[in-house]
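Coordinate inspection notes
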Amino acid sequence: DAGITQSPRHKVTETGTPVTLRCHQTENHRYMYWYRQDPGHGLRLIHYSYGVKDTDKGEVSDGYSVSRSKTEDFLLTLESATSSQTSVYFCAISKGADERGYTFGSGTRLTVV
Amino acid sequence: KQEVTQIPAALSVPEGENLVLNCSFTDSAIYNLQWFRQDPGKGLTSLLLIQSSQREQTSGRLNASLDKSSGRSTLYIAASQPGDSATYLCAVGNTGNQFYFGTGTSLTVIP
């Protein structure tokens, strides 16, 4: 999607290893989000950021950490990957939930073996 | 916690039919509601965003309505086409700049 890119697009990793996913935006939006999408659960919020160095937890934050040192980058780290973290991860950006809503990245498919 | 439900989970219609997708939510204190489309293996594409003060939004063949008091939104698709086949997701924006998503309706339009 224009203005927001995720990397990598696909990753296979072993249980117990740390993994970092990157979200990069060129829209200068204040808010950035990490979601995971699993069959039967829809999209669930992991963490979000409302500014540089300002982050907060979502409903499924256990086992994940985030960092935002620049407006354009939002990193999601799985501290010690587990098989239950096999999922598709989406990054989204927003000026604010009361404004133009969300724009999503194309997703990262993560498999933990 | 906001709960968002989409019914039906799957829908199959012949080309040319008009159809309605439903979304219901439990907490009526929302900022806005957004409808997305997701193609297999792809990200989400925003279709329509309705602010809490609005009753409906239209874009081309799509019309989304919002009834906050009853906790419902509908997405109306006119004259469906095979290219409309996708999963449609409803997302409700509450306080804290978070969206809560339904699990989607998988639509197949048969040529």
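Structure: see above.
Residues numbered from 1 in each chain as written. Chains lettered and ligands numbered in written order. Predicted model: local features only at pLDDT ≥ 70, side-chain atom pairs only at ≥ 80, totals over all residues. Heavy atoms only, no water.

**Observations concerning the nonpolar core**
With 23 residues, the main nonpolar core has L33(B), W35(B) and L75(B) as its most contacted residues. Residue assignment for this core shows that the elements contributing at least two residues are β3 (19-25), β4 (32-38), β5 (44-51), β7 (62-67), β8 (72-77), β9 (86-94) and β11 (105-110) of chain B. I4(A), M32(A), I46(A) and V66(A) belong to the second largest nonpolar core, which has 19 residues in total. (Core = buried A, V, L, I, M, F, W, Y, C linked by side-chain atoms within 4.5 Å. Buried < 20%, exposed > 50% of the residue type's maximum accessible area, 1.4 Å probe, protein only. Helix = DSSP H or I, 4+ residues; strand = E, 2+ residues; numbered from the N terminus.)

**Some words on the state of the cysteines**
Applying the stated criterion across every chain yields a total of two disulfides over all chains. Across the disulfide from C23(A) sits C91(A); the S-S distance is 1.9 Å. Handedness here is read from the sign of the S-S torsion; for C23(A) and C91(A), about -75 degrees, the answer is left-handed. Of the two residues, C23(A) sits in strand β3 (residues 19-25) while C91(A) sits in strand β9 (residues 87-94), which places them 68 residues apart along the sequence. In this pair, the class of C23(A) matches that of C91(A), namely buried. The disulfide that involves C23(B) links it to C90(B), with 2.0 Å between the sulfurs. The sign of the -60 degrees torsion about the S-S bond sets the C23(B)-C90(B) disulfide as left-handed. With a gap of 67 residues between them, C23(B) in strand β3 and C90(B) in strand β9 connect regions that are remote in the sequence. What makes C90(B) buried here is its relative accessible area of 0%. (Disulfide = S-S within 2.5 Å.)

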